Amino acid sequence: MIKGVIFDLDGVITDTAKFHYIAWKNLASELGIEIDEKFNETLKGIPRLDSLIKILEYGGVRQKYSDTDIDSLADKKNEEYKLLLEELSKDDILPGIEEFIDELRSNNIKIGLASVSKNAPTILKKLELIEKIDFIADPSKVAKGKPAPDIFIEAARGIGLEIENTVGIEDAESGVKAMRACNMRSVGIGVEADLTLKGTSELSLEVISMLDK
Ligand code: BG6
Ligand code: MG
């Protein structure tokens, strides 16, 4: 029985995925590497440093950069990303998400967040949703990012539920893999999962309850 729903953030609650893409594309371009939307799909859900390493490997220049260089390049990308986030407001919540969260809350279903983004609390504040989330898993406290299951396991622990009583919602293949690795039932937004939906406006308690049957 579903007693808790665990959300991914970027691409599920709000479309910050497009800002990550802009900031990565600009940084990659400065390093002489061109990335496109198809390659960007492989970065979705992946932690910041892992994403940068993937970009450098894609450009065949990973060996040119030390760990310190990588840290400062990742910081540079994050500074641009944070500038793009400045304009974020409640209007940027994806269609149907707030109504769905309210429906879950009024049915006493716990709400967790399993994002590997270190900017998650800032983003949720800007969207005025932070008060409605029962627990935000801290990515700096888990050993591995997606596609490892750690962040989903931590989010389920934080809302006090067994994995079998939770359902996770993701827009990225890496996130669906993470849920499958811990046997969490999955809803995919535009990505194949146990229950696949085209967009966030299709989410409702009735729809996700199909996973209980
Ligand atoms: C994930 C995004 O939610 O967070 C990735 O899908 C991003 O694209 C990752 O790289 C880390 O986010 P941040 O905000 O800590 O750089
Ligand atoms: Mg996502």
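Not measured: the values here are computed from a predicted model.

Reading the values: rules and limits
- Residues numbered from 1 in each chain as written.
- Chains lettered and ligands numbered in written order.
- Predicted model: local features only at pLDDT ≥ 70, side-chain atom pairs only at ≥ 80, totals over all residues.
- Heavy atoms only, no water.
- Salt bridge = Lys/Arg side-chain N within 4 Å of Asp/Glu carboxyl O.
- Helix = DSSP H or I, 4+ residues; strand = E, 2+ residues; numbered from the N terminus.
- Buried < 20%, exposed > 50% of the residue type's maximum accessible area, 1.4 Å probe, protein only.
- Donors = N, O, S within 2.8 Å, 3.2 Å for Na, K, Ca; no water.
- Near = heavy atom within 4 Å.
- Polar contact = N/O pair within 3.5 Å; in protein donor to acceptor, adjacent residues only side chain to side chain.
- Areas by Shrake-Rupley, 256 points an atom, 1.4 Å probe, with all protein chains shown as cover.
- 1 Å grid on protein atoms, 1.4 Å probe; cavity = no way out; pocket = protein on both sides within 12 Å on 5 of 7 lines; lining within 4 Å.
- Sits in = over half its atoms within 2 Å of the grid points.
- Nonpolar A, V, L, I, M, F, W, Y, C, P; charged D, E, K, R; others polar.
- Domains from an automatic or database assignment.
- UniProt positions renumbered as here; feature names shortened; annotations may be inferred.

Engineer: How should the pattern of salt bridges be read in this particular structure?
Structural biologist: Pairing is possible between side chains of opposite charge, provided their charged atoms come close. Scanning all chains against the criterion turns up 13 salt bridges. Residues Lys 76 and Glu 30 are paired through a salt bridge, measuring 2.4 Å at the closest nitrogen-oxygen approach. With Lys 76 in helix H4 (residues 67-85) and Glu 30 in helix H1 (residues 17-30), this residue pair connects regions lying 46 residues apart in the sequence. The class for Glu 30 is exposed, based on a relative accessible area of 53%. One salt bridge connects Asp 138 with Lys 141, and the closest N-O pair in it is separated by 3.9 Å. On the accessibility criterion, Lys 141 (67% relative accessible area) is exposed. If you follow the salt bridges from partner to partner, you end up with Lys 90, Glu 98, Asp 102 and Lys 132 in one network.

Engineer: Sorry, what's going on with the coordination of the magnesium ion (ligand 2) here?
Structural biologist: Ideal values for angles at a metal depend on the geometry: 109.5 degrees with four tetrahedral donors, 90 or 180 degrees with six octahedral donors. At this site the magnesium ion (ligand 2) is bound by Asp 8 (OD), Asp 10 (O) and Asp 171 (OD), with donor distances of 2.0 to 2.1 Å. For the magnesium ion (ligand 2), all donor residues lie on one chain, and their spacing in sequence is D-x1-D-x160-D. Linking Asp 10 in the loop between strand S1 (4-7) and H1 with Asp 171 in the loop between strand S4 (166-170) and helix H8 (173-181), this pair joins segments that are 161 residues apart in sequence. With respect to class, Asp 10 is no different from Asp 171; both count as buried.

Engineer: When you look at the site of ligand 1 in this model, what are you seeing that I'm missing?
Structural biologist: In the vicinity of ligand 1 there are 14 residues, among which Asp 10, Gly 45, Ser 117, Lys 118 and Asn 119 approach most closely. Here an oxygen atom of ligand 1 sits 2.9 Å away from a polar atom, N or O, in the main chain of Ile 46. For ligand 1, whose unbound accessible area comes to 390 Å², protein coverage reaches 96%. Applying the majority rule of atoms within 2 Å of the grid points places ligand 1 in the largest pocket. When grouped by side-chain class, the residues that make up the shell around ligand 1 number four nonpolar, six polar and four charged. The residue makeup of the shell around ligand 1 includes at least three contributed by each of domain 1 (4-15 + 90-212) and domain 2 (17-85).

Engineer: It is not clear to me how the UniProt feature "binding site: Mg(2+)" (unreviewed entry) in the protein chain should be interpreted in this structure. Could you clarify?
Structural biologist: According to UniProt, the positions carrying the feature "binding site: Mg(2+)" (unreviewed entry) are Asp 8, Asp 10, Glu 170 and Asp 171. Across 164 residues, the annotated set stays spatially compact, with a maximum C-alpha separation of 8.9 Å. Lining the largest pocket, from the residues named above, are Asp 8, Asp 10, Glu 170 and Asp 171. Relative accessible area serves as the criterion here: at 14%, Asp 10 is assigned to the buried category. In this structure the side chain of Asp 10 is engaged in a polar contact, spanning 2.3 Å, whose partner is the side chain of Thr 16.

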